[in-house]
Every structure is written in structure tokens, then in C-alpha cells.
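Per-entry structural report
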Amino acid sequence: MDFRLTPRQADLKRTARELTETLTAYETDCEENNGLTARDHAAIRDAVLASGLQAVNMPQEWGGAGLTILEQVIVQEELGQLTGALWDTVWRPANALRFCTPAQRARYLEPVIRGERRDCYAVTEPGAGSDPQNLATTATRTADGWVLNGEKWFVTVGDHADFMIVLAAAGTDREPTLFLVDKDTPGIEMTRVPRFMHTFVYEHPEFTFTEVHVPEDAVLGGVGKGYDITRSWFTEERLMIAARTTGAAERALRLARDWAVERKQFGSPIADFQLVQGMLADCAVDIAVNR
Ligand SMILES: Cc1cc2nc3c(=O)[nH]c(=O)nc-3n(C[C@H](O)[C@H](O)[C@H](O)COP(=O)(O)OP(=O)(O)OC[C@H]3O[C@@H](n4cnc5c(N)ncnc54)[C@H](O)[C@@H]3O)c2cc1C
């Protein structure tokens, strides 16, 4: 099997590396202040648009970069070198938004692709983590739409996003269904912003939904389609996490190698010691295998 990159893939990797280098300048601020200022976010948005790497998972006809999965992985691997989850400033709309109707696309997806709006995905609940079928959030039919009640946890980018994709059990048959919900809809409250062990440029807040009225056309992808669409979202998201961890490991190895060459003990660089060499070699092998 030939693992060499094609010229196009090598070009993409170079572009992603240049964007990564630009974003590296924000790492210390993000770490020290647990996030960035609105001004920083605006500057990053311009840099992302200039790189052409916005919405890598969306078709060019809608304004995305239109990359294949392998090409997206190449980009994500480079971005994964960033600390503070700064890779997440290079927006990649939830693939669930591909199920938008043309009207929903114009209102939600296309502005996300352009960097004017931001989505977040609310599946997890206090009693529904690995098992989202244990969903307690409900959507009840009204004369002209639906009313949502429930609670969502771990909503990544929920602080920054202006609309949410919400999974709820719809109707008396409790059909798993996704809803497009503007975050300023009455009845939505951001109840808690828990601290995590990591530094992340955005937060993972918790939300409650109390009698949140949404119109009929808030349904995304059809009533009852919520699990299938969410599964494909998790698949894409987890695959990209894997790619980013490879990039993070590559950077860690580079730093460790540089330190081993620079640091002297017992009269020579510690890189001269066989056990240190062995650990660095094991890291390089693990990274190659994971890639
Ligand atoms: C940083 C971060 C970002 C997140 N972002 C989002 C988001 O944007 N939107 C969203 O909706 N959710 C998000 N989540 C939630 C995430 O999807 C859940 O944490 C995940 O589904 C697991 O649920 P849980 O934490 O409740 O763990 P639990 O489901 O309670 O699992 C606890 C432990 O039991 C294990 N376990 C569970 N079931 C089994 C089984 N059948 N067999 C063996 N072991 C099992 C798990 O592996 C885990 O170790 C995020 C979580 C984190 C940490």
C-alpha cells in the first residue's frame, strides 16, 4: 500500500500547516484566559476564510471546501497540533446539517459555512450519555409546531453558538427527532458552564428547555430520523478526533526530541542514552501506526 500523499493532498497539508502556525500565536492567551476575546475570534475567522479551510466537510457549491474524508483527516491532523482545542475555531458544521431543506440551508447551514453563524449539537442528557436512547427531552405537537422540554449536558460550543441541533423524543410514539432551535428562543436557559480538566477555546455548557416553542419547519431530516443522523455525526466527529490526536502526538514527540537533544546530563545530551532513544522510537512507531 502506498501511503505517500498526492500533490493535492500535500498542498492541503501545507495550507493546513500554515493556518496552524497562524493559530499557534493564540495558544498562550487561550491557556491563560480560558478562551479568547471577540477580537481574536474575528481575526481567526478572517484567517480561516483566507486559508479556504472553512467547512471542509461541506460541498463547494454551498461555500464549503468540499474535501473527501481522507483530505479532511489530513487537515485535522495538522490542526490537532494546536493546544486549547484551537482547531475548533476552524469551523466544520455538523454533518447533520446536510439534511436541511433548501430554506433551512439558507437560514442555518450557509451562514455557518460563511462563518456568520455557529451550530452546536445537543444530544447528551443527565441520564443519556453512551445510551442516547434513554432520552428524556420531549417534543410535543402543538397546532403549528412543537414544544420542547428537557435538559442537555456537554453542549460543546454552546456558549458561542447561536443555534442548536437538539435531539428529542417527538410525539406520543417518542420518535427520536432533531430540531433546529435558535438559542435566543424563549424558554432556553444556559444553567451551568462546568470547568473541565482541559483548556478549550469554547465551553461545554448545560442547558434547560422549558416550554420552548418551535415551528413545524424546525424539524431537521424528518420525524423519527434523529438517531440515524446523530450516529453519522458521531462517526465523523470521532474519526476527526482520532486524526487530531495523531497531530497532537506528533507535536509532543517533536518537543520531546528537541529537549532530549538539548538537555545535558552526565556530560552528554540525554538523547545519547539508549533508554531515551528507545522511548522516542516507540513514540514514532505508535504515531506511524495510528496514522
Ligand atoms: C469534551 C466533551 C465534549 C462533548 N461534547 C458533546 C456535544 O457537543 N454534544 C453532546 O450531545 N454530547 C457531548 N459530549 C458528551 C459525550 O458524548 C458523552 O460524554 C458520552 O456520550 C458518554 O456519556 P457519559 O459521559 O454520560 O458517560 P456514561 O455513558 O455514563 O459512561 C460511563 C462509563 O461507562 C462506560 N460504558 C457505558 N456504556 C457501556 C457499555 N455498554 N459497555 C461498556 N462500557 C460502557 C463508558 O465507556 C464510560 O467509561 C461531550 C463530552 C465531552 C467529555
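The residue numbering used here restarts from 1 in each chain and proceeds along that chain's sequence as written. It should be noted that, the model being predicted, local features are given only for residues of pLDDT at least 70 and side-chain atom pairs only at 80 or more, the latter also being counted only at that level, while totals for whole chains, interfaces and linings use all residues. Each side-chain value is derived from all of the structure's non-hydrogen atoms; neither hydrogens nor water enter the calculation.

Next up on the list: the overall build of the protein chain. Secondary structure elements are defined from DSSP: runs of H or I of at least 4 residues count as helices, runs of E of at least 2 residues count as strands, and each element is numbered from the N terminus. Check the secondary structure of the protein chain and you find 7 helices and 10 strands. Relative accessibility decides the category of a residue: with a 1.4 Å probe and only protein chains considered, values under 20% of the type maximum give buried, values over 50% give exposed, and everything between is partly exposed. In the protein chain, which comprises 291 residues, the share counted as buried stands at 48%. By definition in these notes, contact holds between two residues if any of their heavy atoms fall within 4.5 Å. Within the protein chain, contacts between residues separated by at least 24 positions form 70% of all contacts whose residues are at least 6 apart in sequence. Here, Shrake-Rupley sampling with a 1.4 Å probe gives the accessible areas, and only protein chains in the shown set may cover a residue. Accessible surface computed for the protein chain: about 15,100 Å², of which carbon and sulfur atoms make up 54%. Across the protein chain, 30 positive and 43 negative side-chain charges occur, with their mean positions spaced 3 Å apart. The positive count covers Lys and Arg only, the negative count covers Asp and Glu only, and His and the chain ends enter neither. To locate a charge, take NZ of a lysine, CZ of an arginine, CG of an aspartate or CD of a glutamate.

What follows deals with the packing of aromatic side chains. The rule is short: rings of Phe, Tyr and Trp, with Trp giving its six-membered ring, pair when the centres are within 6.5 Å, and they are stacked under 30 degrees, edge-to-face over 60, tilted in between. This structure, assessed with the given rule, holds 7 aromatic pairs. Judged by centre distance (3.9 Å) and plane angle (20 degrees), the rings of Tyr121 and Trp233 are stacked. With a gap of 112 residues between them, Tyr121 in strand 1 (residues 119-122) and Trp233 in helix 6 (residues 226-262) connect regions that are remote in the sequence. Each ring, one from Trp233 and one from Phe234, has its centre 4.9 Å from the other, and the planes form 50 degrees; the classification is tilted. Overall, Trp233 belongs to the buried group, its relative accessible area being 13%. The positively charged end of Arg244 is found above the aromatic ring belonging to Trp87, 3.5 Å away from the centroid. Two limits define a charge over a ring: the Lys NZ or Arg CZ must be within 6 Å of the ring centre, and within 35 degrees of the ring normal.

The next subject is the site of the ligand. It suffices for a single heavy atom of a residue to lie within 4 Å of a molecule or strand for the residue to be listed as near it. Surveying the vicinity of the ligand reveals the residues Tyr121, Ala122, Val123, Thr124, Gly129, Ser130, Phe154, Thr156, His198, His204, Phe234 and Arg238. Here a nitrogen atom of the ligand sits 2.8 Å away from a polar atom, N or O, in the main chain of Tyr121. By the criterion applied in these results, polar contacts are pairs of N or O atoms within 3.5 Å in which, for protein atoms, one can donate a hydrogen and the other can accept it, and in which residues neighboring in sequence qualify only through two side-chain atoms. The contact in question runs from an oxygen atom of the ligand to an N or O atom on the side chain of Ser130, over 2.6 Å. When the free accessible area of the ligand is taken as 980 Å², the share hidden by the protein chains comes to 45%. Taken together, the elements giving at least two residues each to the shell around the ligand come down to strand 1 and helix 6. When residue character is reported, Ala, Val, Leu, Ile, Met, Phe, Trp, Tyr, Cys and Pro are called nonpolar, Asp, Glu, Lys and Arg charged, and the others, Gly included, polar. Split into classes, the residues belonging to the shell around the ligand amount to 5 nonpolar, 6 polar and 1 charged.

Before going further, it helps to spend a moment on the pattern of salt bridges. When a carboxyl oxygen of Asp or Glu is within 4 Å of a side-chain nitrogen of Lys or Arg, the pair counts as a salt bridge. Across all of its chains, the model carries 22 salt bridges by this definition. Residues Arg107 and Asp182 are paired through a salt bridge, measuring 2.6 Å at the closest nitrogen-oxygen approach. Of this pair, Arg107 sits in helix 5 (residues 102-113) while Asp182 sits in strand 5 (residues 175-182), and the two are 75 residues apart along the sequence. Taking the relative accessible area as the measure of exposure, Arg107 reaches 42% and is therefore partly exposed. When the shortest N-O distance is used, the salt bridge between Glu116 and Arg114 registers 3.1 Å.

Moving on: the domain arrangement of the protein chain. An automatic or database domain assignment supplies the residue ranges for each domain. Here the domain parsing of the protein chain yields domain 1 (7-92), domain 2 (119-224) and domain 3 (232-290). Domain 1 and domain 2 are separated by 27 Å when their C-alpha centres are compared. Across the contact, 12 residues belong to domain 1 and 9 residues belong to domain 2. When two parts are put together, the accessible area they lose, computed with a 1.4 Å probe and summed over both, is reported as buried area. Interface of domain 1 and domain 2: buried area, both sides summed, is about 840 Å²; carbon and sulfur atoms make up 54% of it. The three residues of domain 1 that bury the most area against domain 2 are Asn34, His41 and Asp88, which together make up 53% of that side's buried surface. Where domain 1 packs against domain 2, one counts 0 salt bridges.

Attention now moves to the nonpolar core. Ranked by internal contacts, the top residues of the largest apolar core, which has 25 residues, are Leu19, Leu36, Leu53, Val75, Leu79, Leu86 and Val90. When contributions to this core are tallied by element, the ones reaching two or more residues are helix 1 (7-24), helix 3 (38-51) and helix 4 (69-79). Looking at this core element by element, the count peaks at 4 residues for helix 1. When residues of this core are sorted by domain, at least three fall in each of domain 1 (7-92) and domain 2 (119-224). We call a set of buried Ala, Val, Leu, Ile, Met, Phe, Trp, Tyr and Cys residues a nonpolar core when their side-chain atoms join them within 4.5 Å.

Looking now at the environment of Gly247. Topologically, Gly247 is positioned in helix 6. Judged by relative accessible area, Gly247 falls into the buried class, the value being 1%. Sequence spacing of Gly247 and Leu79 is 168 residues, and the spatial spacing of their C-alpha atoms is 7.1 Å. Those residues in contact with Gly247 that lie beyond four places of it in its chain are Glu77, Gly80 and Gln81.

DSSP bridges decide pairing: two strands pair if at least two such bridges lie between them. As paired elements, strand 3 (residues 145-152) and strand 7 (residues 206-215) share 7 bridges and run antiparallel to each other. Its bridge partner being in strand 7, Val147 is matched across the sheet by His213.

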